[in-house]
Amino acid sequence: MYAHLKSFTVKIGQNVKQGQQIGIKGTTGNSTGIHLHFEIHIPSYEAGQPNAVNPLNYISETDITDVQKLLNSVGYKLMVDGIEGTLTIAAIKDFQKKNGLAVDGIVGPRTLVALKKK
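1. Overview of the environment of Tyr2
Topologically, Tyr2 is positioned in strand 1 (residues 2-3). Sequence separation between Tyr2 and Ile40 is 38 residues; the distance between their C-alpha atoms is 8.9 Å. Beyond its immediate stretch of four places on either side in the chain, Tyr2 contacts Phe8, Ile22, Leu36, His37 and Phe38.

This is how it looks when you write it as structure tokens:
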């Protein structure tokens, strides 16, 4: 779900490519500034958002399978399943802490470089 958009530039069901514009940021409801709010709800959106899930479990710039393999190569014992669940996030945070990186559980460029150097 993309919330707070001023307008959409694509239609429901349309295939899009990485980097393609999907809408124009806006401000609706109780928001205090122009922004895009991205949410994933499984199986679907419901009022009160009881089905909201962490989108990082489903999308990532870096293939999480590769991250899990890299973490395992430096001593972690993760199931290589491509899902960025709680154990993988905990391992990422632990690795970040031990290597003086920002401890946020997100495998950005610095974390990825550090993992590949080990």
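Text resumes after the structure shown.
2. What to know about the side chain of Glu39
Tracing the sequence through the fold places Glu39 in the loop between strand 4 (37-38) and strand 5 (40-41). Here Glu39 sits buried without a salt bridge, and the closest side chain of opposite charge, Lys25, lies 16 Å off (N-O distance). Among the polar contacts listed, one links the side chain of Glu39 to the side chain of His37, at a separation of 2.7 Å. In contact with Glu39, other than residues within four places in its own chain, are Met1 and Gln49.

3. Examining the nonpolar core
Membership of the largest hydrophobic core comes to 14 residues, with the highest contact counts inside it found for Val67, Leu71, Tyr76, Ile92, Phe95 and Leu115. Those elements giving two or more residues to this core turn out to be helix 1 (64-73), helix 2 (86-98) and helix 3 (109-117). At four residues, the largest contribution of residues to this core is made by helix 1. In this view, Val67 contacts Thr62, Ile92, Val107 and Leu115; residues no more than four positions away in its chain are not counted.

4. So, helix 1
What helix 1 keeps buried is the set Ile64, Val67, Gln68, Leu70 and Leu71. The arc enclosing the buried residues of helix 1, seen along the axis, measures out at 160°, which places them on a common side. On its buried face, helix 1 is in contact with helix 2 and helix 3. Between the side-chain oxygen at the start of helix 1 and the backbone nitrogen of Thr65 there is a gap of 3.1 Å, and the oxygen is on Asp63. Just past helix 1, the residue Gly75 takes up positive phi, approximately 110°.

5. What to know about a nonpolar patch on the surface
Together, Tyr2, Phe8, Leu36 and Phe38 make up a nonpolar patch on the protein surface, roughly 380 Å² of accessible area in all. Note on placement: Phe8 falls in strand 2 (residues 5-8).

6. Overview of the packing of aromatic side chains
Overall, the coordinates contain one aromatic pair when judged by the stated rule. Seen in terms of ring centroids, Tyr2 and Phe38 are 5.1 Å apart; in terms of plane orientation they differ by 45°. Their pairing is tilted. Here the residue Tyr2 occupies a position in strand 1, and Phe38 occupies one in strand 4, the gap between them amounting to 36 residues.

7. Observations concerning unusual backbone geometry
Cis geometry is adopted by the peptide bond preceding Pro43, which originates at Ile42 and carries an omega value of 5°. The topology assignment puts Pro43 in the loop between strand 5 and strand 6 (52-53). A positive phi angle, close to 70°, is found at His4, a residue other than glycine. Within the fold, His4 resides in the loop between strand 1 and strand 2. On the basis of relative accessibility, which here comes to 18%, the residue His4 falls in the buried class.

Rules behind the numbers
Residue indices follow the written sequence of each chain, beginning from 1 at its first position. Reporting in this predicted model follows two pLDDT cut-offs: at least 70 for local features of residues, and 80 or more for side-chain atom pairs to be given and counted; totals over whole chains, interfaces and linings ignore these cut-offs and use all residues. For side-chain calculations, the full set of non-hydrogen atoms in the structure is used, while hydrogens and water are omitted. Working definition: helices are DSSP H or I runs of at least four residues, strands are E runs of at least two. Numbering for both runs from the N terminus. In what follows, a contact means two residues having at least one pair of non-hydrogen atoms within 4.5 Å. Burial classes: relative accessible area under 20% of the type maximum marks a residue as buried, over 50% as exposed, and values in between as partly exposed (1.4 Å probe, protein chains only). Counting rule for charge: Lys and Arg are taken as positive, Asp and Glu as negative, and neither His nor the chain ends is counted. Put simply, a salt bridge is a Lys or Arg side-chain nitrogen that is within 4 Å of an Asp or Glu carboxyl oxygen. Under the rule applied, a polar contact is a pair of N or O atoms within 3.5 Å (in protein, one hydrogen donor and one hydrogen acceptor; residues adjacent in sequence only if both atoms are side-chain atoms). Nonpolar cores were defined as sets of buried Ala, Val, Leu, Ile, Met, Phe, Trp, Tyr and Cys residues, with membership established by side-chain atoms within 4.5 Å. Arc definition: directions from the helix axis to the C-beta atoms. Patch definition: residues with relative accessible area over 30% and no salt bridge; like charges joined within 9 Å; nonpolar side chains (Val, Leu, Ile, Met, Phe, Trp, Tyr) joined within 5 Å. Throughout, the Shrake-Rupley method with a 1.4 Å probe supplies accessible areas, and for residues the shown protein chains are the sole cover considered. When the centres of two rings from Phe, Tyr and Trp lie within 6.5 Å, Trp using its six-membered ring, the rings pair. Their planes under 30 degrees apart give stacked, over 60 give edge-to-face, and anything left gives tilted.

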